[in-house]
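What follows is each chain in one-letter form.
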Amino acid sequence: QVLKNFSPRANPRHIVFSSLRGERHELGLRMAAISCASRGFQAHYLGADLPAEDIARFARETGSSIVAISVMAQQQIADAPQQLRALVDALEPGSSVWIGGAAAQRLDKDALPANCIFVRDHLDLDRRLDMLAA
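Predicted model only: the values in this text are computed from it and were never measured. (Residues numbered from 1 in each chain as written. Predicted model: local features only at pLDDT ≥ 70, side-chain atom pairs only at ≥ 80, totals over all residues. Heavy atoms only, no water.)

### Regarding the nonpolar core
Item 1. Core analysis: the biggest nonpolar cluster contains 23 residues, and Val67, Ile69, Leu84, Leu87, Val97, Ile99 and Leu107 have the highest contact counts within it.
Item 2. Elements with a contribution of two residues or more to this core: strand E1 (14-20), helix H2 (52-62), strand E3 (66-70), helix H3 (80-90), strand E4 (96-100) and strand E5 (116-118).
Item 3. Ignoring sequence-local partners within four residues, the contact set of Ile99 consists of Ile69, Val71, Leu84, Ala104, Leu107, Leu112, Cys116, Ile117, Phe118 and Val119.
Item 4. Core analysis: the second largest hydrophobic core is formed by 16 residues, Ala33, Ile66, Trp98 and Leu125 among them. (Core = buried A, V, L, I, M, F, W, Y, C linked by side-chain atoms within 4.5 Å. Buried < 20%, exposed > 50% of the residue type's maximum accessible area, 1.4 Å probe, protein only. Helix = DSSP H or I, 4+ residues; strand = E, 2+ residues; numbered from the N terminus. Contact = heavy atoms within 4.5 Å.)

### Points about H3
Item 1. Taken as a whole, H3 has its buried residues at Ala80, Pro81, Gln83, Leu84, Leu87 and Val88. For H3, the buried positions fall inside an angular range of 160° around the axis, keeping them on one side. Those residues of H3 that are exposed and aimed more than 90 degrees away from the buried face are Gln82 and Asp89.
Item 2. Where the residues of H3 are buried, they touch E1, H2, E3, E4 and E5. (Arc of directions from axis to C-beta.)

### A look at unusual backbone geometry
Item 1. The backbone of Asp49 shows a phi angle near 65°, a positive value even though the residue is not glycine.
Item 2. Along the polypeptide, Asp49 turns up in strand E2 (residues 42-50).
Item 3. Judged by its relative accessible area of 28%, Asp49 falls in the partly exposed class.

### Remarks on the pairing of E3
Item 1. A large share of E3 lies buried, amounting to five of its five residues.
Item 2. With four bridges joining them, E1 and E3 adopt parallel strand pairing. From the neighbouring strand, Ile15 faces E3, where its bridge partner is Ile66.
Item 3. In this structure, E3 lies alongside E4, joined through five bridges in parallel fashion. Across the sheet, the residue bridging to Ala68 is Trp98, located in E4. (Pairing = 2+ DSSP bridges.)

### Things to note about the pattern of salt bridges
Item 1. On inspection of all chains with the given rule, the structure shows eight salt bridges.
Item 2. Arg127 is the partner of Asp124 in a salt bridge, and the nearest nitrogen-oxygen pair spans 2.7 Å. Placement of the pair is Asp124 and Arg127 together in helix H4 (residues 122-133), with a separation of three residues, close to one helical turn.
Item 3. With relative accessibility at 2%, the residue Asp124 sits in the buried group.
Item 4. Judged by its relative accessible area of 36%, Arg127 is partly exposed. (Salt bridge = Lys/Arg side-chain N within 4 Å of Asp/Glu carboxyl O.)

### Thoughts on the pairing of E4
Item 1. Burial runs high along E4: five of the five residues are buried.
Item 2. Side chains Ser96, Trp98 and Gly100 of E4 all project onto a buried face; the interleaved residues Val97 and Ile99 project onto the opposite face, where all are buried too.
Item 3. Once you follow E3 into H3 and on to E4, the crossover reads as right-handed. (Right-handed = clockwise from strand over helix to strand, strands pointing away.)

All quantities given are derived from atomic positions and should not be read as evidence of function.
Pasting the structure below:
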């Protein structure tokens, strides 16, 4: 497990990384998790193609207030809002879902819960991590 090689943990904040059911692309998601771990965050990489309820259960069990989701495949756009609503509903109140990936910007933002945040690229991710660490 590459993420376990990053220690000591400078930041106690937990962030869960996964993609929703039907999404199998995971390279960018892995890179984002490694970036977070290298900055001292507790990064939990769950992998691709998981049900929203399983992702949320893991986030609750680890005390993660942020779940990072990758949306890469164009065919996942139609189903993503429903899955993201299920994810948000199953998370602890106050949690946020960071959404990134090639197809993420094509999602209908009005169809998503308010606590879904779009991460445009790795520079945007770095900026958000800097804000969390401050």
